[in-house]
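These are the residues of each chain, in order.
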Amino acid sequence: MIRPRRLEPLGGSPEAVRPGTPVHRLWYAAYGSNMHRERLTAYLAGGRPAGGLRTYPGCRDPRPPARTAAVMLPGLLYFATESQVWTGGRAFYDPTAPSGAPDLPELPAHAYLLTTDQFSDLVAQEMDREPGEDLDLTPVLTHGRARIGPGRYETLVCPGLLDGAPVLTFTAPWHREDIAPNAPSAAYLRHIGAGILAAHGWSVHRTARYLAGCPGAAGHWSAGEIAALLGTAP
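The model shown is predicted, which means the values in this text are computed figures rather than measured ones.

1. What to know about the overall build of the protein chain
A count of helices and strands for the protein chain gives seven helices and eight strands. Taken over C-alpha atoms, the radius of gyration comes to 16 Å for the protein chain, in line with the 17 Å a tight globule of 234 residues would show. On the principal axes, the C-alpha backbone points of the protein chain span a range of 50 × 35 × 35 Å. Evaluated residue by residue, the protein chain yields a buried proportion of 55% over its 234 residues. A separation threshold of at least 6 residues defines the contact pool for the protein chain, and within that pool the share at least 24 residues apart is 69%. Accessible surface for the protein chain amounts to roughly 9700 Å². Of this, 54% is attributable to carbon and sulfur atoms. Charge centroids of the protein chain, computed over 21 positive and 21 negative side chains, lie 4 Å from each other.

This is the structure in structure tokens:
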């Protein structure tokens with residue numbers, strides 16, 4: 001098992017997040033299908049990931065991440081709404097909710113060190129928009145959370161720093177209890193599970209138990225069924 005990195009508090013390195021200070025590199029913390037490197041590559045270089053229904057244009061800068069790291073985020077992974085790419089529920093992150101797992105009070109994520117324009121282009125593609133416009137990250141780096149639009153992945157969250165650089169991810173503007181859960185598809189769970197296996201080095205059974213306990217998957221997918229899926233993970 002890989003020992004995950006722990007985040008530094010957002011206010012622990014003021015020089016890294018001082019308003020007006022340019023941020024050239026940041027860590028993108030993926031908690032959904034982008035935990036799997038092949039899926040992320042489709043966003044960076046363009047293409048269609050296995051099991052997906054959409055081809056992505058890619059980023060202005062198609063280079064791979066400069067570094068990667070396994071990290072733990074405070075909060076809860078849950079599945080809701082309906083994915084047009086995978087069918088079934090999408091993965092969302094509620095940083096204010098407890099994980100619901102006594103043995104896992106945090107959420108496993110895969111952090112990628114990207115340029116700010118790569119992150120901006122990635123967010124655009126998540127919302128089915130053409131990449132090419134840089135995001136203003138000042139609000140999220142100042143307050144830890146910022147809503148940049150009404151879309152399902154247009155609320156930015158900065159849960160902390162890693163090696164002095166901000167860690168950013170995106171989620172929906174609502175909270176877990178505000179929306180009905182929806183079960184994820186088999187292909188989607190395989191990508192997320194494969195990402196956890198690769199980034200954190202968990203066993204198949206631990207990964208399956210974790211995903212089976214997430215709202216949306218819970219009650220629809222058993223740990224045994226998910227473990228069987230991960231035997232054919234991409």
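2. Let's talk about helix H3 (residues 116-126)
An α-helix turns once every 3.6 residues. As a result, residues three or four positions apart point the same way. Burial analysis of H3 places 10 of its 11 residues in the buried class, which makes it a mostly covered element. Where H3 is concerned, the buried positions are Thr116, Gln118, Phe119, Ser120, Asp121, Leu122, Val123, Ala124, Gln125 and Glu126. On its buried face, H3 sits against strand E1 (25-30), helix H2 (37-45), strand E5 (106-115), strand E7 (155-162) and strand E8 (165-171). Of the residues flanking the end of H3, it is Asp128, one or two places downstream, whose phi is positive at about 60 degrees.

3. Things to note about the packing of aromatic side chains
Across all of its chains, the model carries 13 aromatic pairs by this definition. Taken together, a centroid distance of 6.2 Å and an interplanar angle of 75 degrees make the contact between Phe79 and Tyr188 edge-to-face. Of this pair, Phe79 sits in strand E3 (residues 76-80) while Tyr188 sits in helix H5 (residues 186-200), placing them 109 residues apart in sequence. Grouping residues by exposure puts Phe79 and Tyr188 together as buried. Relative to Tyr153, the ring of Phe92 lies with its centre 5.1 Å away and its plane at 35 degrees, an arrangement referred to as tilted. With a gap of 61 residues between them, Phe92 in strand E4 (residues 90-94) and Tyr153 in the loop between strand E6 (145-147) and E7 connect regions that are remote in the sequence. A relative accessible area of 0% places Phe92 in the buried class. Overall, Tyr153 belongs to the buried group, its relative accessible area being 6%.

4. Some details on the sheet that holds E1
Within the open sheet, the six strands sit side by side as E2-E5-E1-E8-E7-E6. Their pairing is mixed. Of all the strands in the sheet, the pair left with one neighbour each is strand E2 (68-74) and E6. In this sheet, adjacent strand axes meet at a mean angle of 35 degrees when their direction is disregarded. In the sheet, E1 pairs with E8 via two bridges, with the strands oriented parallel. Looking across to E8, one finds that Trp27 is bridged to Val167.

Calculation rules
- Residues numbered from 1 in each chain as written.
- Predicted model: local features only at pLDDT ≥ 70, side-chain atom pairs only at ≥ 80, totals over all residues.
- Heavy atoms only, no water.
- Helix = DSSP H or I, 4+ residues; strand = E, 2+ residues; numbered from the N terminus.
- Rg over C-alpha atoms; globule rule 2.2 N^0.38 Å.
- Buried < 20%, exposed > 50% of the residue type's maximum accessible area, 1.4 Å probe, protein only.
- Contact = heavy atoms within 4.5 Å.
- Areas by Shrake-Rupley, 256 points an atom, 1.4 Å probe, with all protein chains shown as cover.
- Lys, Arg positive; Asp, Glu negative; His and termini not counted.
- Charge placed at Lys NZ, Arg CZ, Asp CG, Glu CD.
- Phe/Tyr/Trp six-rings, centres within 6.5 Å; stacked < 30°, edge-to-face > 60°.
- Pairing = 2+ DSSP bridges.
- Axes fitted to C-alpha atoms, helices over the stretch in contact; angles between N-to-C directions.

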